[in-house]
Amino acid sequence: MVNGFEALEIRDFSQINASVVRFVHQKTGAELYYITNDDTDRVFDLTFRTESPDDTGIPHVFEHAILNGSEKYPSRQLYDNLEYQTYNTFMNGYTYNRYSTYPVASLSEAQLLKLADFFTDSCFHPLVMEDESIFRTEAWRYRLNDPNDPLTIEGTVYSEMLGRRSVERNSYLNALGVMFPGTTLGNEHGGDPYHIPELTWEAVKDYHEKYYHPSNCIAYLYGRFEDYAAFLKLLDGYFSEYDKKEFTHTESGYEPITEPVVESFSFPVEKGSNTEHASIIYYAFICPGLKEDREQELILNTLTDLLNDDASVLHQSFREALPYGDLHCYIELYGPDDAVGFVARNVDPGDAEVFRQVVDKALADTAEKGFPADQVDSVMTSMSLSALQAREVCDPVEKVVLPKVDYDVSSIEPWNYEDFEDSLTLMDKWNEQGLYVKAISDWLVGNQSTALVTT
Ligand SMILES: [Zn+2]
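Note that the structure is predicted; figures quoted are calculated from it, not measured.

(A) Layout of the overall build of the protein chain. Helix and strand counts for the protein chain come out as 16 helices and 15 strands. What you see for the protein chain is a C-alpha radius of gyration of 23 Å, in line with the 23 Å of a compact globule of 455 residues. Projected onto its principal axes, the C-alpha positions of the protein chain cover 65 × 65 × 40 Å. Buried positions account for 41% of the 455 residues belonging to the protein chain.

Structural data, given as structure tokens:
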């Protein structure tokens, strides 16, 4: 036990010369990962699993509002002062489909402790709960300069999202909505400017009550600390005000697809824009049960890297069929089920069926012939190398902490990110054992739960 936290497990994270200790806060169940190595660029992060009930962008508005002062630090200017007048190397808040995360990094341990206090108080006691003007500044408000002028809307998030809406972002959310019907995954967590003005201050306050609770929090510490226990003491001080609460995050409205689904969405562009080769097509295989099988999940995850190799059969046949397009393959872990997705960019709506056939045929061929050993070797070597170089770019937030956060929030069991990093050395063995070929046959070839989504 360390300051209210119980150390449950410890594990090596050799790629970054670290050990990782997993703590759980006794009173509330909050998790904490202490990633300890000799890096003096130290990171503190708080992450909350969040959902977007609609397209009003609540998580994003809240992320902005939170950095506008708190009970203990009641200044709307303080965040900017801290950002530009301290030794911090990173300070930000991020909103994604499934979580909101607040990383801060500093070369000074003493200063990081102060910044951690500021971030933690901001998350748990933000001023926006009492001050509607913060909501109006960050979300949206009407403006009328002169009685004869048209009434306009402005607001930080509103303006930001006017610039952020893109076919790239929309196509991904459209695909998620079709892949996981009845869930909130396809909602625009950043906020759709058409819907942001439907957002109320009350909804933002309710959202804070619902999600910003220690039992729904994962905290991270990364780097070399003289006194890491001081950070646990700080968190224990905040967390202990709360009682444990149950958070499940299951999507009760989810109705899994059981047969091939085809859908198209339009995306408005400025008059006169060239729309040739400007569409994006997702072709995804939903894989029920994969989330519960860690080894198979890792095999399919690394399989997408093999398929992404330029020399793969898939890439070769894609280039022949759709020479103007770009192809990318990925594993989708955010959903209630995992999925393997293929994305064609710079293509046309009429290419959807061709794209499906190219993927289906390449998968069937690969299931029959397998991957050549030298191809697997080269992908494995380059991925292991980039894992080893994670520390060389001196950006522990983006290279270590945020990727780990992303895996942690998407997994039922802990250690998914560490397992993934370790699996990079197993790829040649898995290939020799025929596990990739088997996984393609078991999960992808003949799978009827597919979504083909054109935007
Ligand atoms: Zn923003």
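Here the narrative resumes.
(B) Representation of the environment of proline 197 in the model. Turning to its location among the elements, proline 197 is positioned in the loop between helix H6 (167-179) and helix H7 (201-211). Given 16 C-beta atoms within a 10 Å radius, proline 197 is considered partly exposed. Here the alpha-carbon distance between proline 197 and threonine 56, two residues 141 residues apart in the chain, equals 7.4 Å. The residues contacting proline 197, other than those within four sequence positions of it, are Trp140 and Ile153.

(C) Spatial organisation of the pairing of strand S15 (residues 450-454). Burial within S15 is extensive, with 5 of its 5 residues counted as buried. Going residue by residue along S15, you find Thr450, Leu452 and Thr454 tucked away on one face and Ala451 and Val453 tucked away on the opposite face as well. With 4 bridges joining them, strand S11 (residues 261-264) and S15 adopt parallel strand pairing. Within S15, the position partnered with serine 264 by the bridge is threonine 454.

(D) Fine view of helix H11 (residues 352-369). With 18 residues, H11 ought to run about 26 Å at 1.5 Å a step, and its terminal C-alpha atoms sit 26 Å apart, in line with that. Check the buried side of H11 and you find it contacts strand S12 (279-287), helix H10 (313-321), strand S14 (338-347), helix H16 (435-444) and S15. Backbone geometry just after H11 places glycine 370 at a positive phi near 75 degrees.

(E) Layout of the domain arrangement of the protein chain. The domain architecture assigned to the protein chain consists of domain 1 (5-143 + 155-239) and domain 2 (261-454). Listed as interface residues are 35 residues of domain 1 and, on the opposing side, 33 residues of domain 2. Elements with a minimum of two residues in the side of domain 1 that touches domain 2: strand S1 (5-13), strand S2 (18-25), strand S4 (42-49), strand S7 (99-106), H6 and strand S10 (217-223). Grouping the constituent residues of the side of domain 1 that touches domain 2 by class yields 18 nonpolar, 9 polar and 8 charged.

(F) Here's a closer look at the packing of H10 against H11. Put simply, H10 and H11 touch, their axes get as near as 9 Å, and they point 150 degrees apart. Between H10 and H11, the interaxial angle falls into the category roughly antiparallel. Helix-helix and strand crossings are classified by hand; for H10 and H11 the assignment is right-handed. Residues Val313, Leu314, Ser317, Phe318 and Ala321 of H10 lie in contact with H11, whose contacting residues are Val354, Val358, Val359, Lys361, Ala362, Asp365 and Thr366.

(G) Focus on the sheet that holds S11. Overall, mixed pairing links the 5 strands, which are arranged S11-S15-S12-S14-S13 in an open sheet. Looking along the sheet, the strands with just one partner apiece sit at the ends: S11 and strand S13 (326-332). Sheet twist, expressed as the average angle between the axes of neighbouring strands with direction ignored, equals 15 degrees. One ladder, built from 8 bridges, connects S12 with S14; its direction is antiparallel.

(H) Representation of the nonpolar core. Within the largest apolar cluster, 61 residues are counted, with the highest numbers of intra-cluster contacts made by Ile35, Phe44 and Tyr220. Counting only domains with at least three residues in this core, you end up with domain 1 (5-143 + 155-239) and domain 2 (261-454). If we ignore the near neighbours within four places in the chain, the residues touching phenylalanine 44 are Val104, Leu112, Leu115, Ala116, Phe119, Leu221 and Phe231. Grouped together as the second largest cluster of nonpolar side chains are 57 residues, Leu185, Ala284, Phe342 and Leu444 included.

What counts and what doesn't
Residues numbered from 1 in each chain as written. Predicted model: local features only at pLDDT ≥ 70, side-chain atom pairs only at ≥ 80, totals over all residues. Helix = DSSP H or I, 4+ residues; strand = E, 2+ residues; numbered from the N terminus. Rg over C-alpha atoms; globule rule 2.2 N^0.38 Å. Buried ≥ 20, exposed ≤ 12 C-beta atoms within 10 Å, placed from the backbone. Contact = placed C-beta atoms within 7 Å. Pairing = 2+ DSSP bridges. Expected span 1.5 Å × (residues − 1). Domains from an automatic or database assignment. Nonpolar A, V, L, I, M, F, W, Y, C, P; charged D, E, K, R; others polar. Axes fitted to C-alpha atoms, helices over the stretch in contact; angles between N-to-C directions. Parallel < 35°, antiparallel > 145°, perpendicular 65-115°, else oblique. Left-handed = near helix turned anticlockwise from the far one by under 90°. Core = buried A, V, L, I, M, F, W, Y, C linked by C-beta atoms within 7 Å.

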